[in-house]
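# Architecture at a glance
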Amino acid sequence: MKRDRRHAEEEMKPTRITNGRLIDPANNRDEIADLWIANGKITTPQPDAEIHTIDATGLVVAPGLIDIHVHLREPGQSHKETIATATRAAAAGGFTSVVAMPNTSPSADSAATITWIKEKAAREACVNVFCTGALTKGIKGEELAPFGALFNAGVVALTDDGHCIQNHELMRRAVEYARMFGLPVMDHCQDYAVVGDGIMHEGEWSLRLGLPGWPRTGEELIVARNIMLAELCDSPIHCQHISSSGSVRLLREARARGIKISGEVCPHHIALTDASLAAFDSNFKMNPPLRAQEDIEAIIEGIADGTLTILCSDHAPHAAYEKEVEIDHAPFGITGLETEFATFHDILVHKRKAIPLPRLIALYTSEPAKLLNLDRGTLSVGAPADITLIDPTLEWTFDKNASASLSKNTPFHGHTWRGRAIRTVVAGETVWSLA
Amino acid sequence: MSTWTKKDLVGLDALTAAEIIHLLDTAKAFKGVGERNLKKVPALRGKTLVNFFVEPSTRTRTSFEIAAMRLSADVVNISATASSLQKGETLKDTALNLQALRADIIVLRHSSPGSSQFLSERLESSIINAGDGAHEHPTQGLLDIFTIRERFGRIEGLNIAIIGDILFSRVARSNIFGLLKLGANVTLVGPSTLVPKRFEQLGVQVRHRIDDILETADVVNLLRIQHERQRKEYFPGLGEYVSLFGLTKPRAARLAPHCLIMHPGPINRGVEIDSDVADSTQSVILEQVTNGIAVRMAVLYSCAGGAHIPA
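Each chain has its residues counted from 1, following the order in which its sequence is written. For this description, chains carry letters from A and ligands carry numbers from 1, given in the order in which they are written. Predicted model: local features are reported for residues with pLDDT of at least 70 only, side-chain atom pairs are reported and counted for 80 or more only, and whole-chain, interface and lining totals are derived from all residues. Side-chain measures here rest on the full set of heavy atoms in the structure, leaving out hydrogens and waters.

### Some thoughts on unusual backbone geometry
Residue and element names in this part refer to chain A. Across the junction of Glu 74 and Pro 75, the peptide omega takes the value 5°, indicating a cis bond. Only DSSP runs of H or I with at least four residues qualify as helices, and only runs of E with at least two residues qualify as strands; both kinds are numbered from the N terminus onward. Looking at the element boundaries, Pro 75 is found in the loop between strand S6 (65-70) and helix H2 (83-92). Even without glycine at this site, Asp 314 takes up a positive phi of about 55°. Locating Asp 314 in the fold gives a position in the loop between strand S15 (310-311) and helix H12 (320-323). Of note, Asn 373 is a non-glycine position whose phi angle comes to about 55°, a positive value. Within the secondary structure layout, Asn 373 lies in the loop between helix H15 (366-372) and strand S16 (387-397).

### Details of the interface of chain A and chain B
It only takes one pair of heavy atoms within 4.5 Å for two residues to be counted as in contact. On the chain B side, the residues contacting the 18 residues of chain A number 24 residues. Take the accessible area each of two parts loses on contact, using a 1.4 Å probe, and add the two losses: that sum is the buried area. In total, about 1700 Å² of surface goes out of reach between chain A and chain B, with carbon and sulfur atoms giving 54% of it. Three residues, Leu 207, Arg 208 and Glu 324 of chain A, lead the burial of chain A against chain B; their summed loss comes to 40% of the area buried on that side. Each reported salt bridge corresponds to a side-chain nitrogen of Lys or Arg within 4 Å of a carboxyl oxygen of Asp or Glu. Along the contact surface separating chain A from chain B lie four salt bridges. Lys 92 of chain B is the partner of Glu 324 of chain A in a salt bridge, and the nearest nitrogen-oxygen pair spans 3.1 Å. Two N or O atoms count as a polar contact when they lie within 3.5 Å, although within protein this holds only if one can serve as hydrogen donor and the other as acceptor, and sequence-adjacent residues are included solely when both atoms are side-chain atoms. Where chain A meets chain B, there are six residue pairs in polar contact (both at pLDDT 80 or more). All amino acids are sorted into three groups, where Ala, Val, Leu, Ile, Met, Phe, Trp, Tyr, Cys and Pro are nonpolar, Asp, Glu, Lys and Arg are charged, and the leftover types, Gly among them, are polar. Split by residue class, the side of chain A that touches chain B holds eight nonpolar, four polar and six charged.

### Some details on the packing of helix H8 (residues 216-233) of chain A against helix H9 (residues 245-256) of chain A
All names here are of chain A. Axes here mean lines fitted to C-alpha atoms, for a helix over just the part in contact, with angles spanning 0 to 180 degrees between N-to-C directions. Axis separation between H8 and H9 bottoms out at 8 Å; the angle between their running directions is 15°. Between H8 and H9, the angle is such that the two are roughly parallel. For H8 against H9, the interelement crossing comes out right-handed. For the pair H8 and H9, contact is made by Arg 216, Glu 219, Glu 220, Val 223, Ala 224 and Ile 227 and by Ser 245, Gly 246, Ser 247, Leu 250, Leu 251 and Ala 254, respectively. Looking at the contact of H8 with H9, its residues break down into six nonpolar, three polar and three charged. In what follows, roughly perpendicular refers to angles from 65 to 115 degrees, roughly parallel to angles under 35, roughly antiparallel to angles over 145, and oblique to any angle outside these ranges. Each crossing is labelled by how the near helix is turned from the far one, with a counterclockwise turn of less than a right angle marking it left-handed and a clockwise turn marking it right-handed.

### Details of the sheet that holds strand S6 (residues 185-189) of chain B
Residues and elements named next belong to chain B. Spatially, five strands are ordered S7-S6-S5-S8-S9 in an open sheet, and the strand pairing comes out parallel. Two strands bound the open sheet, and with one partner strand each, they are strand S7 (205-207) and strand S9 (260-262). The sheet shows a mean angle of 20° between the axes of neighbouring strands, taken without regard to direction. Think of it this way: DSSP has to see at least two bridges between two strands before they count as a pair. Two elements, strand S8 (residues 219-222) and S9, share three bridges in a ladder whose sense is parallel. Considered in S9, the bridge of Asn 221 is made with Met 262. Strands in contact with helix H5 (residues 138-152) are strand S5 (159-163), S8 and S9; relative to S9, the strand with the most contacts, it is inclined by about 165°.

### So, empty space enclosed by the protein
All names here are of chain A. Grid points spaced at 1 Å and placed over the protein atoms alone form the basis of the search, with a cavity being a set where a 1.4 Å probe fits but cannot get out and a pocket an open set showing protein on both sides within 12 Å along at least five of seven lines. Lining residues have an atom within 4 Å of a point. Grid points are joined across faces, edges and corners, and a volume is the space filled by probe spheres set on the points. Under the definition given, this model contains two cavities of 30 Å³ or more. The space that makes up the largest cavity amounts to roughly 50 Å³. For the largest cavity, the full set of lining residues is Ala 92, Gly 93, Glu 338, Thr 339, Glu 340, Phe 341, Ala 342, Trp 396, Arg 420 and Ala 421. Only helix H13 (340-351) and strand S17 (416-426) provide two or more residues apiece to the lining of the largest cavity. Domain ranges listed in this record stem from an automatic or a database domain assignment. When residues of the lining of the largest cavity are assigned to domains, at least three fall in each of domain 1 (5-60 + 384-433) and domain 2 (64-372). Quantified by volume, the second largest cavity comes out at close to 40 Å³. What lines the second largest cavity is Thr 335, Gly 336, Leu 337, Glu 338, Thr 339, Phe 398 and Thr 410. Split by residue class, the lining of the second largest cavity holds two nonpolar, four polar and one charged.

Here's what the structure looks like:
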């Protein structure tokens, strides 16, 4: 991996991260302790030898954060983002692993494309890149993609993200077939007939602005469908970027019955409401859309009570000229890798006190690792030394012009939060630290 | 005249009551110009106005054109088929070109909600919204309000019913925003699919029976109903619409004698309005068209006639 070489000496000798608050949800640890690294792995304390020391006094030492929902835009859309720029943005957000969505050009529906992405990532990425494969050929929702070949090429999940299989029978067979490989199916929950050409939450603001509504029901119908299919197939389905209060209720009830269904949350869905679209700014247009305050409350409650187990960005970069058009012509999506952890920390831990810091870290480490069967998200001895140092008291303001991402389509320019990752370590090597 | 400081008119939702009153009073002053033999004042002499219509329209474009000519502005008309938008140029680039041609005023008709605001934030030219998707059609809203105010001498306290396809109507939205700011009681009437109850969050009342409003309305404003091919899933057919919501002769007979019948045009005789009712003495449909010129003169003059554009 191409890395920042400023800290190359760390590779040579063992490293001790001292005096930090070590939070490792996978092992139920939360204590002031030292963490040892050697040869890219977490180790037991190393005797005598010359060591490199990182002082983490006042900092949190966490397993490297994992974002399971990222659009790297390669192959085919390198005017929006590249593997190199997206992973630098990821590192700057505290992420040591990202999971790439398959809606590239061509879509990631073949072993060849997965291999291409992995090889390019090996050369250019500064954090770990895991791939998802498409559920259907060309993400058209018509025929199954070759799951076996995708599995052998190393995908960690299957999804048609950006699209949603409308044919329930096809979805059933996809989930059933994926089970054979132990691959979770992730679904962007959207009923096309109900959503139509909707571009914002259907509510008071869509009526006021005359914009076509994207009702909650358009998501909830597919969440309900997925619950039924997960039960029928006894195989996991993960519902991507939950935006609606009704979806939270459905998931809560289904999980209580033991169904293998899960849901993830993006920061904008708890930070912003549909009122943000009042000025028709396409940097507030994403799919699913920003909703109402009651949805924010329901999602926060769902995170707090364990209904929603994963946090992610849905980092969706678009070039300025693509976004700076009439709002109904603009593509959906915003960037998020550099701001997501801070947004969630500020809202969930600092302001709302909905969850304690160790749970926030679990939602970004042990939980996604469990869903996707990754050997990451823990500080166990022997695990890859992917580590994020966090300053939970640091107040900072995001400047999109300083972003590492190739695209600047963020609604958070100028926002101030409390809490930030300040150093990102991948396999023992510092790939980013706050200047 | 110190209440107006804006270079653009993007919608009535963004205006204060005082700003709306300013435009209405200015329109009143300009209305006399159209009644003279010499229908022209030099207020915008030397200014260039571009009618930039990305969505087809004849009456609104013509009304703006006449308004601009009466103010002595030079007028150019550009329609979507003639513009570079057909060749893939973005709206922003096309508009920047218009600005580079030193258009002082761009009157924009566009199918996208927010398109006027989008340009107003990016150009120095005055942007006048002549309809942006289902969002707003502020000069239509103003001319409706002007017509009502001229007849009643006030807006406050009047019972105004807007009937028809509200969901997709920019005319309805501009009327709602403007009328509410001036203190009217606004009731929306139509099928539950086109007039969802949620509209009440904007401060209006929603009714699904036209009978509920006939006796109490001071104004009924009928909106054009789109043909079935465009709104197939919203109501079963025009016949059923007429039977439930059409302003038929028996229904018109129940209106108060002072009640005004309005329609932004073009009317579908026999659909939202009975043919004879459209021509009745209570109908002010053509008066609205005449007032539209005075209102648009007021808007053009207020936005572009001020001191902020160098002479």
